[in-house]
Amino acid sequence: MLPIGQKFYTRTKHRIQQGKKTAGAWLQIGSPFTAEILGRAGFDWLMIDMEHGPGDIMTLIAQLQAMKGYGVDAFVRAPWNDFVTVKRILDAGANGVLIPYVCTKQDAEAAVKAVLYPPRGIRGVAGSPRAEGYGVGNGDYFPYADQEIMLMVAIETQQGVDNLDQILQVEGIDGIFVGPMDLSTSMGHFGDPAHPQVREAIAAIEEKTKAAGKFLGTVAGGYEKARALYDRGYQYIAVMADGVALSNLAHGIVAQFRKEYGD
């Protein structure tokens, strides 16, 4: 929630518009504690996962509260391209949303309408939710929301790749997020984004997205992989995820212990 007198502002969106690269982390386990830890670490943004993560709106608000004060932008992967859910996410105070499974121009248009107030969109207007200051300080939010909220759509199916030219024509989409695991699986190569056909499709997404003046986003399994993606023009990369990072750390420590001291 904004302090009174502080205008709603999405720093990540402006950094990307200035041509800068950003680094973020994925919050998948629904914990305000990992949100606080990673927010304090200094990432540009954190992505709260409500598609594959266990959290609900109340969990989301707890995570947003935990991140507050660290200067980190909060983005949410919505569970679906549903305007009611998107409205609740934005009213909770998110800086933007990632809409999954966008396959057509109509899907993209629906996503844009969900994040914008009338007359451009269909987002309901209410001064009482958290983003709007619980009825106090609406002037810090309402005049800036449409321009500051950042909208990303995920291209993660062959249909999405086929319709990308039309999707990129939709005004209001800020960036394209490449979902490599879903994309590879939809193309018949289960969980294999390194397959030549998938790599070719991703290269086409990259070329068309940059030509359209949209930014590129995706996930990377570590900083070295992220560096290679930055070099290819990506500006929005999740370089780690809370659950995966903790799991890898724990398994590594246990494996080292067993190696040195046995069962």
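Since we're looking at a predicted model, the values are computed, not measured. (Residues numbered from 1 in each chain as written. Predicted model: local features only at pLDDT ≥ 70, side-chain atom pairs only at ≥ 80, totals over all residues. Heavy atoms only, no water.)

A. Quick look at the overall build of the protein. Regarding its fold elements, the protein presents 12 helices and 8 strands. What you see for the protein is a C-alpha radius of gyration of 19 Å, in line with the 18 Å of a compact globule of 263 residues. Projected onto its principal axes, the C-alpha coordinates of the protein cover approximately 60 × 45 × 30 Å. Considering the protein as a whole, with its 263 residues, one finds that 49% of them fall into the buried category. Counting contacts in the protein only where the partners sit at least 6 residues apart, residues at least 24 apart contribute 61% of the total. Taking the 25 positively charged and 29 negatively charged side chains of the protein as two groups, their mean positions are separated by 5 Å. (Helix = DSSP H or I, 4+ residues; strand = E, 2+ residues; numbered from the N terminus. Rg over C-alpha atoms; globule rule 2.2 N^0.38 Å. Buried < 20%, exposed > 50% of the residue type's maximum accessible area, 1.4 Å probe, protein only. Contact = heavy atoms within 4.5 Å. Lys, Arg positive; Asp, Glu negative; His and termini not counted. Charge placed at Lys NZ, Arg CZ, Asp CG, Glu CD.)

B. Main features of the pattern of salt bridges. A full pass over the atoms with the stated rule returns 10 salt bridges. Its salt-bridge partner being aspartate 174, residue lysine 13 comes within 3.7 Å of it at the nearest N-O pair. Taken together, the positions of lysine 13 in helix α1 (residues 11-17) and aspartate 174 in the loop between α8 (164-167) and β6 (175-178) put the pair 161 residues apart, joining distant regions of the chain. For lysine 13, a relative accessible area of 8% translates into the label buried. With a relative accessible area of 18%, aspartate 174 lands in the buried category. When the shortest N-O distance is used, the salt bridge between arginine 77 and glutamate 51 registers 3.2 Å. (Salt bridge = Lys/Arg side-chain N within 4 Å of Asp/Glu carboxyl O.)

C. Broad picture of unusual backbone geometry. Here the amide bond leading from proline 118 into proline 119 is cis, since omega sits at 10°, within 30 degrees of zero. Among the structural elements, proline 119 can be located in the loop between α5 (105-115) and α6 (145-148). Not every positive phi belongs to a glycine, and tyrosine 101 is a case in point at roughly 55°. Tracing the chain through its elements places tyrosine 101 in the loop between β4 (96-99) and α5. Residue class for tyrosine 101 comes out partly exposed when judged on its relative accessible area of 42%. With a phi close to 50°, tyrosine 134 is a non-glycine residue in the positive phi region. Within the secondary structure layout, tyrosine 134 lies in the loop between α5 and α6.

D. Spotlight on the packing of helix α2 (residues 32-41) against helix α3 (residues 57-67). Running from N to C, α2 and α3 cross one another at 30°; their axes reach a closest spacing of 8 Å. On the basis of their axis angle, the class for α2 and α3 is roughly parallel. Seen from above, α2 lies across α3 with right-handed handedness. Contacts from Pro32, Ala35 and Glu36 of α2 reach α3 at Ala62, Gln63, Ala66 and Met67. Taken together, the residues that form the contact of α2 with α3 break down as 5 nonpolar, 1 polar and 1 charged. (Axes fitted to C-alpha atoms, helices over the stretch in contact; angles between N-to-C directions. Parallel < 35°, antiparallel > 145°, perpendicular 65-115°, else oblique. Left-handed = near helix turned anticlockwise from the far one by under 90°. Nonpolar A, V, L, I, M, F, W, Y, C, P; charged D, E, K, R; others polar.)

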